[in-house]
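Structural overview for review
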Amino acid sequence: RDKPFFLFVSFYQPHSPYRFPLEYRDRHDPKTFQVPEPGPEDDDQIPAIFRDLTYEQKQGINAAYYTSVEYMDACVGRVLDALDRAGLTDDTLVIYFGDHGYMLGQHGRFEKHCSYEEVVRVPLILRWPKRIAAGQRTRALVELVDLAPTIHELCGYPVTGSLQGRSLLPLIEGKTTKHRDTV
C-alpha cells in the first residue's frame, strides 16, 4: 500500500451496565474483592444512588466490572489475532486507550462523573512492531489530545498548527522522558 490503512474498532466494555456473554458469568467471585471505605471527607460528595449499597453489592459491582474487562480483553485479542492471520501485524499501528477511568468504591463512588485521579487516568498503549520498540513504558504526563499529532507524525503526514496536542514521538523514540508539566 502507498498510504496507511485506518481501521477504528470501539468496544463498549467495560462500562455500566456491564454487558458480557453468559459464559463469562461467575468468573470472578465477588467475595474476593476488597472495596475501599470512603473517608469522612467524602461524606458530602457521595451520590445518593451509592449511599445505601451494601458491602456485598459493592463487591458485586467490582466483580461485574472485572468480568466486563475480561470480556473486552478477549475482544481485543480477537482483533489482534485477525491482524496476525491477515499478515498485517508488523504494518499496523494499534492504539488502545479508554476515554475515562472508573471509580470502584474509591471515595464511595462507582462511576466516572468526577475528577478524581482514578477517573482521569486512562490506559494508553501504542503498538507498531515496525516503528515502535516493544516493552517501553513511561510515567510521563500525556493527554489524549496528543494522539492526533502522534498519528500524523508516525504515518508521515505533516503536523499542522491546526492540530491540538503535541506528538508523543519523542517519548516513543526514547529521546525524552518528559512530555508535559501538567495535564
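Note: the structure precedes this text.
Residues numbered from 1 in each chain as written. Predicted model: local features only at pLDDT ≥ 70, side-chain atom pairs only at ≥ 80, totals over all residues. Heavy atoms only, no water.

Some thoughts on the environment of His28
Inspection of the secondary structure puts His28 in the segment before helix H1 (48-51). When near neighbours in sequence (up to four residues on either side) are disregarded, His28 contacts Phe33, Ala63, Tyr66, Thr67 and Glu70. Engagement of the side chain of His28 in a polar contact is seen with the side chain of Glu70, the distance being 2.9 Å. (Helix = DSSP H or I, 4+ residues; strand = E, 2+ residues; numbered from the N terminus. Contact = heavy atoms within 4.5 Å. Polar contact = N/O pair within 3.5 Å; in protein donor to acceptor, adjacent residues only side chain to side chain.)

Here's the deal with the nonpolar core
Counting residues in each nonpolar core, the largest one holds nine residues, listed as Trp128, Ile132, Ala140, Leu147, Leu154, Leu168, Leu169, Leu171 and Ile172. Among the secondary structure elements, those contributing two or more residues to this core are helix H4 (147-154) and helix H5 (169-172). Looking at which element gives the most residues to this core, the answer is H5, with three residues. Contacts of Leu169, omitting those with residues within four sequence positions, involve Arg131, Thr150, Glu153 and Leu154. Of all hydrophobic cores here, the second largest spans five residues; its members include Tyr18, Ala64, Tyr102 and Leu104. (Core = buried A, V, L, I, M, F, W, Y, C linked by side-chain atoms within 4.5 Å. Buried < 20%, exposed > 50% of the residue type's maximum accessible area, 1.4 Å probe, protein only.)

Focus: the layout of surface pockets
As a volume, the second largest pocket reaches approximately 1,300 Å³. When contributions to the lining of the second largest pocket are tallied by element, the ones reaching two or more residues are helix H3 (117-120), strand E2 (124-127) and H5. A breakdown of the residues in the lining of the second largest pocket according to their chemical character gives 20 nonpolar, six polar and seven charged. (1 Å grid on protein atoms, 1.4 Å probe; cavity = no way out; pocket = protein on both sides within 12 Å on 5 of 7 lines; lining within 4 Å. Points joined across faces, edges and corners; volume = space filled by probe spheres on them. Nonpolar A, V, L, I, M, F, W, Y, C, P; charged D, E, K, R; others polar.)

A few points about unusual backbone geometry
Cis peptide bonds are those with omega within 30 degrees of zero, and the linkage from Gln13 to Pro14 qualifies with -15°. If you trace the backbone, Pro14 turns up in the segment before H1. With an omega of -5°, the peptide bond between Ser16 and Pro17 qualifies as cis. With respect to the helices, strands and loops of the structure, Pro17 is situated in the segment before H1. Of note in this structure, His107 is not a glycine but carries a positive phi near 60°. With a relative accessible area of 22%, His107 lands in the partly exposed category.

A few points about the side chain of Asn62
In this structure, Asn62 sits in helix H2 (residues 55-85). Exposure remark for Asn62: the relative accessible area of 4% places this residue in the buried category. Apart from residues no more than four positions distant in its own chain, Asn62 is found in contact with Phe33, Val35, Leu104 and Phe110.

A few points about the pattern of salt bridges
Within the structure shown, the criterion is met by eight salt bridges. Here Arg121 makes a salt bridge to Glu117, at a shortest N to O gap of 2.4 Å. For Arg180, the salt bridge is made with Asp146, and the minimal N-O distance between the two is 2.6 Å. Pair noted here: Arg180 is in the segment after H5 and Asp146 is in the loop between E2 and H4, with a separation of 34 residues, a long-range link. Classification of Asp146 as buried rests on a relative accessible area of 0%. One salt-bridge network, in which partners are shared between bridges, spans Glu143, Asp146 and Arg180. (Salt bridge = Lys/Arg side-chain N within 4 Å of Asp/Glu carboxyl O.)

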